[in-house]
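Read off the chains here:
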Amino acid sequence: SADPGFAEHLQQVKRDTLDAQTHQDYPFDLLVEQLHARRDLARQALFDTTFTVEMREPQHQTPPQTPSQTQPHARAIADELHIQPVALELPRAKFDLSATVAIAPAAAGDAPAEMALQFEYSSDLFDAATIARYAGYYLNLLDDALNHPERKLSALRLIPPDERRQLLAWAG
């Protein structure tokens, strides 16, 4: 389907990812050569943006505080997942923009699942406010997709309602 529901799309991504993993041992340099990608020491050969999902072991600790008890940008998603921003100081970014989602499923009888969302970015291209806005967009999308898995991808909410109204007003 050209515009599948989120759950259907997720199944397709899973199939494609598992299929792609059968080729994970293909030498990267050979791939770049076969694709005739132009090599430039100032840029990555094939892509400048990454999105990674990591599964981690369940955490056996006390339940997290509710978002109102922690940082102001923390929030709960789909009642089972609490998200809290964490600032990290990292060395120079390897890519223009990298997003990593680390998920620790809930252990039986334990606290809700935990998710860490980390952005690494080139400060020559992005500022902290832009990355914070991107993180908010991702959380909006995740919240809508988890609460409405049947919803078409094109109908999922990315931009908060107030920002959407402002954009529509500007568009006339």
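Computed from a predicted model, the values in this text were never measured in an experiment.

A few words now on the nonpolar core. In a soluble, globular protein the nonpolar side chains are often hidden away together inside. Grouped together as the largest cluster of nonpolar side chains are twelve residues: L97, A99, V101, M115, L117, F119, F126, I131, A135, Y138, L139 and L142. Mapped by element, the contributors of at least two residues to this core are β4 (97–104), β5 (113–121) and α3 (128–147). Aside from chain neighbours lying at most four places away, what touches L117 is T100, V101, A135, Y138 and L139.

Attention now moves to the packing of aromatic side chains. Evaluation of the coordinates by the stated rule reveals four aromatic pairs. Judged by centre distance (5.9 Å) and plane angle (50°), the ring pair of F51 and Y138 falls under tilted. With F51 in strand β1 (residues 49–55) and Y138 in helix α3, the pair connects residues that are 87 residues apart, well separated along the chain. The structure contains a cluster of three or more aromatic residues connected by ring pairs, namely F126, Y134 and Y137.

For residues with low pLDDT, the predicted coordinates do not support detailed interpretation. Of all residues in the chain, 77% have pLDDT values of 70 or greater, and the mean over the chain is 81. Looking at the elements of the chain, mean pLDDT is at its lowest for strand β2 (residues 75–77), recorded as 58, and at its highest for helix α1 (residues 6–21), recorded as 94. Predicted confidence for residues 62–72 stays below pLDDT 50, and this span has twelve contacts to residues more than four positions away or in other chains.

Once that is clear, we can look at the side chain of D96. Relative to the helices and strands, D96 is located in the loop between β3 (81–83) and β4. You can call D96 buried: its relative accessible area is 18%. Residues in contact with D96, not counting those within four places in the same chain, are R43, D48, E120, Y121, S122, L125 and F126.

This paragraph deals with the pairing of β4. Within β4, six of the eight residues are buried, which leaves the element mostly enclosed by the surrounding structure. Bridge analysis of β1 against β4 gives seven bridges, and the strand direction is parallel. Following the sheet pairing, F51 is matched in β4 by A99. In this sheet, β5 lies alongside β4 in antiparallel orientation, the contact comprising eight bridges. Along β5, the bridge assignment pairs S98 with E120.

Rules and cut-offs
- Residues numbered from 1 in each chain as written.
- Predicted model: local features only at pLDDT ≥ 70, side-chain atom pairs only at ≥ 80, totals over all residues.
- Heavy atoms only, no water.
- Core = buried A, V, L, I, M, F, W, Y, C linked by side-chain atoms within 4.5 Å.
- Buried < 20%, exposed > 50% of the residue type's maximum accessible area, 1.4 Å probe, protein only.
- Helix = DSSP H or I, 4+ residues; strand = E, 2+ residues; numbered from the N terminus.
- Contact = heavy atoms within 4.5 Å.
- Phe/Tyr/Trp six-rings, centres within 6.5 Å; stacked < 30°, edge-to-face > 60°.
- pLDDT = per-residue confidence, 0-100.
- Pairing = 2+ DSSP bridges.

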